[in-house]
Amino acid sequence: MAEPVLTYEVKNEIAYITLNRPHRRNALNDELSHELIKVWPKFEKDDSARVGILRAEGRDFCVGLDLNPGEVKNEIPHLMHQAYPRNGTETFKPLIAAVQGNCMGGGYAFAVRGCDFTIMAENARLGFPEARAGISIAPIDYVPLMPFKISLEFMMLAYKGGRFMDAQRAYQFGIVNEVVPESELLAAAERWAEMIKTIPQLYIKAIKYGHYKAMHMEYLQREMDYVHYIWPQQISEERKEAAASMREKREPDYRKTKKKAG
């Protein structure tokens, strides 16, 4: 059987959430995005876990979206964005990222914006390959966590052959919390987890809610509104029946759409 693309294990009240596509440098495809969507509510409801560590197998944390044919089908809009943890609204338990190697594009979003604390190995580097590939993304996804000039530089030049951001520079700008040798990466993340475990959970919830509410990005809310309300209607049997009834000059029969849905 194929290896799972994401693994979840709890030890000593720490949930280890591990990206497991090392052969693809943990690039994000549809399957991995679906598994990430499912793991955050699982983690939040898991009474045996007080804190989570997001890590990755292999030499790289995540190189962003998998551009190989068939890996991302775009049948569900903004699928990768839906895979981010909903910090401060649905995910209140603290998350720590342990980052090694390349952390690019969507990988950056998970490791830095998606986690409350970020520990980087000395060999890690951040990049934005979308600039090289001509893939646009809303810049405000990056601005809240970077100084303005650095965000512009990162989004335009941090691609292959350009100005990657190494771990020390990321630490200098307050984008990550600690830089350690790669051999000490997981131990450092566990040390942070042990410190966080001593903090009352309701206090953590209040702090996360306040911080993420203060940096709430309206475009993400509009994106989620589309995903949860507009898109389901656009692909629904009801909409198909409504269009068919207009073409056929008859009254719509929504009873048969309920049968198909059931």
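See the structure printed just above.
Residues numbered from 1 in each chain as written. Predicted model: local features only at pLDDT ≥ 70, side-chain atom pairs only at ≥ 80, totals over all residues. Heavy atoms only, no water.

### A look at the sheet that holds strand E5 (residues 102-104)
Our working rule: When DSSP locates at least two bridges between a pair of strands, those strands are taken to pair. The helix count covers DSSP runs of H or I at least four residues long, the strand count covers runs of E at least two residues long, and both are numbered beginning at the N terminus. The contact criterion used throughout is that any non-hydrogen atoms of two residues lie within 4.5 Å. Angles run from 0 to 180 degrees between N-to-C directions of axes, and those axes are lines fitted to C-alpha atoms, restricted for helices to the stretch in contact.
Spatially, three strands are ordered E5-E7-E8 in an open sheet, and the strand pairing comes out mixed. One side of each edge strand has no neighbouring strand; the edge strands of this open sheet are E5 and strand E8 (165-166). Contacting E5 and strand E7 (125-127), helix H3 (residues 106-113) runs over the sheet at an angle of about 100° to E5.

### Considerations on the pairing of strand E6 (residues 117-121)
For the record, the criterion: The buried label goes to any residue with under 20% of its type's maximum accessible area, the exposed label to any with over 50%, and the partly exposed label to all in between, with areas taken from a 1.4 Å probe on protein chains only.
The buried fraction of E6 amounts to four of the five residues, a majority that puts the element mostly inside the structure. For strand E4 (residues 95-99) and E6, the ladder comprises four bridges, and the chain directions are parallel. If you follow Ala98 over to E6, its bridge partner there is Ile119. Sheet analysis places E6 next to strand E9 (residues 178-180), joined by three bridges and oriented parallel. Along E9, the bridge assignment pairs Met120 with Val179.

### Regarding the nonpolar core
The nonpolar side chains of soluble globular proteins are, as a tendency, buried together. Our working definition: As used here, the term nonpolar core means buried Ala, Val, Leu, Ile, Met, Phe, Trp, Tyr and Cys residues forming a set that is joined through side-chain atoms within 4.5 Å.
Ranked by size, the top nonpolar core spans 44 residues in total, and within it Leu19, Leu36, Phe61, Leu126, Phe154 and Ile175 carry the most contacts. Breaking this core down by element, the ones donating at least two residues are strand E2 (14-19), helix H1 (30-45), strand E3 (51-56), E4, H3, helix H5 (148-157) and helix H6 (167-172).

### Some points on the sheet that holds E4
With mixed pairing, six strands are arranged side by side in an open sheet as E1-E2-E3-E4-E6-E9. Strand pairing shows two members of the sheet lacking a second neighbour, strand E1 (6-11) and E9, which therefore form its edges. This sheet shows a mean twist of 20° between the axes of neighbouring strands, independent of strand direction. Bridging between E3 and E4 involves three bridges; their strand directions are parallel. Residue pairing for E4: Gly52 is matched across the bridge by Leu95.

### Details of the pairing of E4
Along E4, five of the five residues are buried, which leaves the element largely enclosed by surrounding structure. Along E4, one buried face is formed by Leu95, Ala97 and Val99 and the opposite face, lined by Ile96 and Ala98, is buried too.

### Here's the deal with the pattern of salt bridges
Put simply, the rule is: Definition used for salt bridges: Asp or Glu carboxyl oxygen within 4 Å of a side-chain nitrogen of Lys or Arg.
One pass over the structure, following the stated rule, counts 17 salt bridges. Measuring nitrogen to oxygen at the nearest pair gives 2.8 Å for the salt bridge that ties Arg163 to Glu153. Highlighted residues: Arg163 in the loop between H5 and E8 and Glu153 in helix H5, separated in sequence by 10 residues. Arg163 sits in the partly exposed class, given a relative accessible area of 45%. On the accessibility criterion, Glu153 (18% relative accessible area) is buried. One salt-bridge network, held together by shared partners, links Arg21, Arg24, Asp66 and Glu71.

### Examining the packing of aromatic side chains
Condition: Classification of ring pairs uses Phe, Tyr and Trp, with its six-membered ring standing for Trp, and accepts pairs whose centres are within 6.5 Å; under 30 degrees between planes counts as stacked, over 60 as edge-to-face, and the remaining range as tilted.
Counting across every chain of the model gives four aromatic pairs. Ring geometry for Tyr108 and Phe154: centres 5.3 Å apart, planes at 40°, overall tilted. You can see Tyr108 sitting in helix H3 and its partner Phe154 sitting in helix H5, a full 46 residues away along the chain. Classification of Tyr108 as buried rests on a relative accessible area of 1%. For Phe154, a relative accessible area of 2% gives the class buried. Taking the centre distance of 6.1 Å and the plane angle of 45° together, the rings of Phe128 and Phe154 count as tilted. Highlighted residues: Phe128 in the loop between E7 and helix H4 (130-133) and Phe154 in helix H5, separated in sequence by 26 residues.

### Let's talk about a nonpolar patch on the surface
Quick reminder of the rule: Here, patches come from residues exposed beyond 30% relative accessible area and free of salt bridges, joined within 9 Å for like charges and within 5 Å for nonpolar side chains (Val, Leu, Ile, Met, Phe, Trp, Tyr). Areas reported here follow the Shrake-Rupley algorithm with a probe of radius 1.4 Å; residue values treat only the protein chains shown as occluding.
Nonpolar side chains collect at one region of the surface, where Phe148, Leu152, Met156 and Leu157 lie side by side and expose about 410 Å² of accessible area between them. The residue Leu157 is located in helix H5 in this model.

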